[in-house]
Amino acid sequence: MTKRNPHFSALKPTYLFPEINQRKLQYLAQHPTAKLISLGIGDTTEPIPSTITHGLVDGAARLGTKEGYTGYGQEQGQSLLREKIAENIYHNRVSPQEVFISDGAKCDIGRLQALFGGDVSIAVQDPAYPVYVDGSLMHGVKQIHYMPCTPENHFFPTLKTTPPVNLIYFCSPNNPTGAVATHDQLKKLVQFAKIHQSIIIFDSAYAHYIQDPTLPRSIYEIEGAHEVAIEMGSFSKIAGFTGVRLGWTVVPEKLLFEDGTPVIRDWMRLFTTIFNGASNIAQQGGIAALSTQGFDEMQQLTQFYLENARLIVEGLKHFPLEIYGGTNAPYVWIRFPGQKSWDVFQMLLENVQIVTTPGSGFGPAGEGFVRLSAFGHRENVLEAIQRLQKLF
Ligand code: PLP
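Residues numbered from 1 in each chain as written. Predicted model: local features only at pLDDT ≥ 70, side-chain atom pairs only at ≥ 80, totals over all residues. Heavy atoms only, no water.

### Focus on the UniProt feature "binding site: substrate" (unreviewed entry) in the chain
Defined as follows: UniProt positions are given in the numbering used here, feature names are shortened, and annotations may be inferred rather than shown by experiment. In this description a helix means any DSSP run of H or I spanning at least four residues, a strand means any run of E spanning at least two, and both kinds are numbered starting from the N terminus. Here the term buried applies to any residue with accessible area under 20% of the maximum for its type, exposed to any over 50%, and partly exposed to those in between, with areas from a 1.4 Å probe on protein chains only.
Residues annotated in UniProt with the feature "binding site: substrate" (unreviewed entry) correspond here to Tyr15, Gly42, Lys106, Tyr129, Asn175, Asn276 and Arg371. An extended arrangement is adopted by the annotated residues: their sequence extent is 357 residues, and the largest C-alpha distance between any two is 35.3 Å. Take Tyr129: it is sitting in the loop between β3 (121-126) and α5 (131-138). Structurally, Arg371 is set in strand β13 (residues 369-373). Residue Arg371 is classed as buried on the basis of its relative accessible area, which comes to 1%.

Here you go:
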């Protein structure tokens, strides 16, 4: 018989979102007429803006013509899209050659984990997006240091107590806490990585939710970051592409392995070996999203979700709750002192039929918190706020 990959036994039996779904279905089986409102999974709900939709439609239509048909493209992505990302997202802080187009940030995190393998030590923000830890475990990573990010340290890791590690996963704006790192904080992180010769894997999937111009949208706004950081980005939450699938990873040419090999060289090898490029239709959508009109539409879309987040925070702030996040980020993070996250999840499901995400699913320091997502139709968000106001 085929042996099971032993690394899989290091994983907890269920992944967070399937467990939430299971509890939701269980509740609905017992209460078939209940009107559940989901502020749980961070999935977008609003239609893709029109310029971007047209880009997708044109991309698809072109494939139906002799002149426009294309098959496999360059694995790294279409040059025009790489140029637009370098220019419009990074303001030329990175070159198009350093941008690799993909089917999303999560998939790139998985591929990066394959690049570094299991023989690395890692540090992760705690709480954090689950794929950083679970994907690492799948590759056999044994040394995992959790860096607690709580209200007590303003959601920024205490670097004095962080051991030297090979890889540091860092996400800003953060999922799930909604915390956004400042320039000074990222400077400290880059300095730490330089001293310990670590590589930062910077997840900027929510960067465009940052409206405060004093906050950095990219690690490359920090001097010296090109020598220590890889950054991934995504069209998922800014263009409604969670189902379309399009993202990118920046691997700077200056980033080197211990033996002097440029990381970009191995990344290119890995990318061209196990990936055949992002969908050409999706890439046309991405190009449209980065046109002047498309960019405005993405801004309106993010504003819509940010307004949801603002309404949630405003609607709950007069109650005896500890509320964090929700500005410059689409997540609201609420602490329920002395309670377990899954108990709060269940209580909210049963008492007000609202689905949240238990903080403990994002790491040990998430215990006692739940995450509310601002991704939802406005009427549902307003109704959820009313229900919560009655409860508290
Ligand atoms: N990174 C973070 C922090 C996320 O929260 C998510 C999705 O929820 C992703 C990456 C996934 O991005 P993509 O849809 O591009 O794979």
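### A closer look at the site of the ligand
For the record, the criterion: Near residues are defined by distance, with any heavy atom within 4 Å of the molecule or strand qualifying the residue. In protein, a polar contact means a hydrogen-donor-capable atom and an acceptor-capable atom, both N or O and within 3.5 Å, with residues adjacent in sequence counting only if both atoms are side-chain atoms; elsewhere, any N or O pair within 3.5 Å suffices. Here the accessible surface of atoms and residues is derived via Shrake-Rupley with a 1.4 Å probe, and residues count as covered only by protein chains that are part of the display.
The local shell around the ligand holds 14 residues, among which Asp203, Tyr206, Ser234, Ser236 and Arg245 are the closest. Between the ligand and the protein, one listed contact pairs an oxygen atom with a backbone N or O atom of Ala105 at 2.7 Å. One of the side-chain N or O atoms of Tyr206 is found 2.6 Å from an oxygen atom in the ligand. Contact with the protein chains removes 92% of the 400 Å² of surface that the ligand exposes when unbound. For the shell around the ligand, the secondary structure elements donating two or more residues are α4 (105-116) and α7 (236-239).

### With respect to the environment of Ala309
Inclusion rule: It only takes one pair of heavy atoms within 4.5 Å for two residues to be counted as in contact.
With respect to the helices and strands, the residue Ala309 is situated in helix α10 (residues 292-316). In this structure Ala309 comes out as buried when scored by relative accessible area, which is 0%. For the pair Ala309 and Ile230, spaced 79 residues apart in sequence, the C-alpha to C-alpha distance is 29 Å. Excluding residues within four positions of it along the chain, Ala309 makes contact with Gly326, Ala329, Val332 and Ala374.

### Looking at helix α8 (residues 263-274)
Here is the rule: Each helix should span, by expectation, one fewer than its residue count multiplied by 1.5 Å. The directions considered for the arc are those from the helix axis to the C-beta atoms.
The first and last C-alpha atoms of α8 sit 17 Å apart over 12 residues, in line with the 16 Å expected at 1.5 Å per residue. Looking at α8, one finds that the buried residues are Val263, Ile264, Trp267, Leu270 and Phe271. Buried residues of α8, viewed axially, fall in a sector of 125 degrees; they line one side. Residues of α8 that are exposed and point more than 90 degrees away from the buried face comprise Arg265 and Arg269.

### Some words on the nonpolar core
Nonpolar side chains in soluble globular proteins tend to be buried together. The following threshold applies: Buried Ala, Val, Leu, Ile, Met, Phe, Trp, Tyr and Cys residues form a nonpolar core when they are joined through side-chain atoms within 4.5 Å.
Residues Ile85, Ile200, Ile219, Phe235 and Trp248 are the most contacted members of the largest nonpolar core, which totals 52 residues. At 5 residues, the largest contribution of residues to this core is made by helix α6 (residues 183-196). Not counting the four nearest positions on each side in its chain, Ile200 is found in contact with Ile168, Phe170, Leu189, Val190, Ala193, Ile219, Val228, Ala229 and Ile230. Ranked by size, the runner-up nonpolar core spans 32 residues in total, among them Phe100, Ala105, Leu137 and Val141.

### With respect to the packing of α10 against helix α12 (residues 378-391)
The following threshold applies: Orientation is described by axes fitted as lines to C-alpha atoms, over the contacting stretch for helices, and by angles from 0 to 180 degrees between their N-to-C directions. Orientation labels follow simple angle bins: below 35 degrees gives roughly parallel, above 145 gives roughly antiparallel, 65 to 115 gives roughly perpendicular, and whatever is left gives oblique. Each helix crossing is assigned a hand: it is left-handed if the near helix lies turned anticlockwise from the far helix by less than a right angle, otherwise right-handed if that turn is clockwise. Gly counts as polar in this scheme, as do all residues outside two lists: the nonpolar Ala, Val, Leu, Ile, Met, Phe, Trp, Tyr, Cys and Pro, and the charged Asp, Glu, Lys and Arg.
Closest axis-to-axis distance for the α10/α12 pair is 10 Å, and the angle between their directions is 10 degrees. Here α12 runs roughly parallel to α10, going by the angle between their axes. Crossing hand, α10 versus α12: right-handed. In this structure, α10 contributes Phe304, Glu307, Asn308, Leu311, Ile312, Gly315 and Leu316 to the contact, and α12 contributes Arg378, Val381, Leu382, Ile385, Leu388 and Gln389. Across the contact of α10 with α12, the residue classes break down as 8 nonpolar, 3 polar and 2 charged.

### A short note on the UniProt feature "domain: Aminotransferase class I/classII large" (unreviewed entry) in the chain
In the numbering used here, UniProt assigns the "domain: Aminotransferase class I/classII large" (unreviewed entry) feature to residues 35-388. Regarding residues 35-388, the helix share stands at 38% and the strand share at 16%, and the terminal C-alpha atoms are separated by 14 Å.

### Quick word on the state of the cysteines
Inclusion rule: Cysteine sulfur atoms are paired as a disulfide whenever they fall within 2.5 Å.
Applying the stated criterion across every chain, the model contains 0 disulfides. Unpaired in terms of disulfides, Cys107 finds its nearest cysteine sulfur in Cys171, a separation of 16 Å. Classification of Cys107 as partly exposed rests on a relative accessible area of 27%. Note on Cys149: no disulfide assigned, nearest cysteine sulfur contributed by Cys171 at a separation of 11 Å. Accessibility expressed as a relative area gives 4% for Cys149, which makes it buried.

### So, the pattern of salt bridges
Pairs may arise between side chains of opposite charge once their charged atoms sit close together. The following threshold applies: The working definition used for a salt bridge is a side-chain nitrogen of Lys or Arg within 4 Å of a carboxyl oxygen of Asp or Glu.
The full count for this structure, using the stated rule, is 9 salt bridges. The closest approach of N and O atoms between Arg23 and Glu19, which form a salt bridge, is 3.0 Å. With Arg23 and Glu19 both in helix α1 (residues 16-30) and 4 residues apart, this pair spans about one turn of that helix. Ionic pairing is found between Arg111 and Asp108, a salt bridge with its closest N-O pair at 3.0 Å. Within this pair, Arg111 and its partner Asp108 are both found in helix α4, separated by 3 residues, close to a single helical turn. Within the structure, one salt-bridge network assembled from shared partners comprises Asp103, Asp108 and Arg111.

### Brief notes about the sheet that holds strand β8 (residues 247-250)
For clarity, the threshold we go by: Two strands qualify as a pair provided DSSP detects at least 2 bridges between them.
If you trace the 7 strands from one edge of the open sheet to the other, you get β2-β8-β7-β6-β5-β3-β4, paired in mixed fashion. The open sheet is flanked by β2 (99-102) and β4 (143-148), the only strands paired with a single partner. Recorded for the sheet is a direction-independent mean angle of 20 degrees between the axes of neighbouring strands. The strands touched by α5 are β3, β4, β5 (167-171) and β6 (199-203); relative to β3, the strand with the most contacts, the crossing angle is about 155 degrees. Set on the sheet, α8 makes contact with β2, β6, β7 (229-234) and β8; between it and β2 the angle comes to about 25 degrees.

### Overview of the packing of helix α2 (residues 50-63) against helix α9 (residues 280-289)
Between α2 and α9, whose axes approach to 7 Å, the crossing angle comes to 145 degrees. Our pair here, α2 against α9, has a crossing hand that is right-handed. Listed contacts from α9 to Thr51, Ile52, Gly55, Leu56, Gly59, Ala60, Arg62 and Leu63 of α2 are Asn280, Ile281, Ala282, Gln284, Gly285, Ala288 and Ala289. Looking at the contact of α2 with α9 residue by residue, the classes come out as 8 nonpolar, 6 polar and 1 charged.

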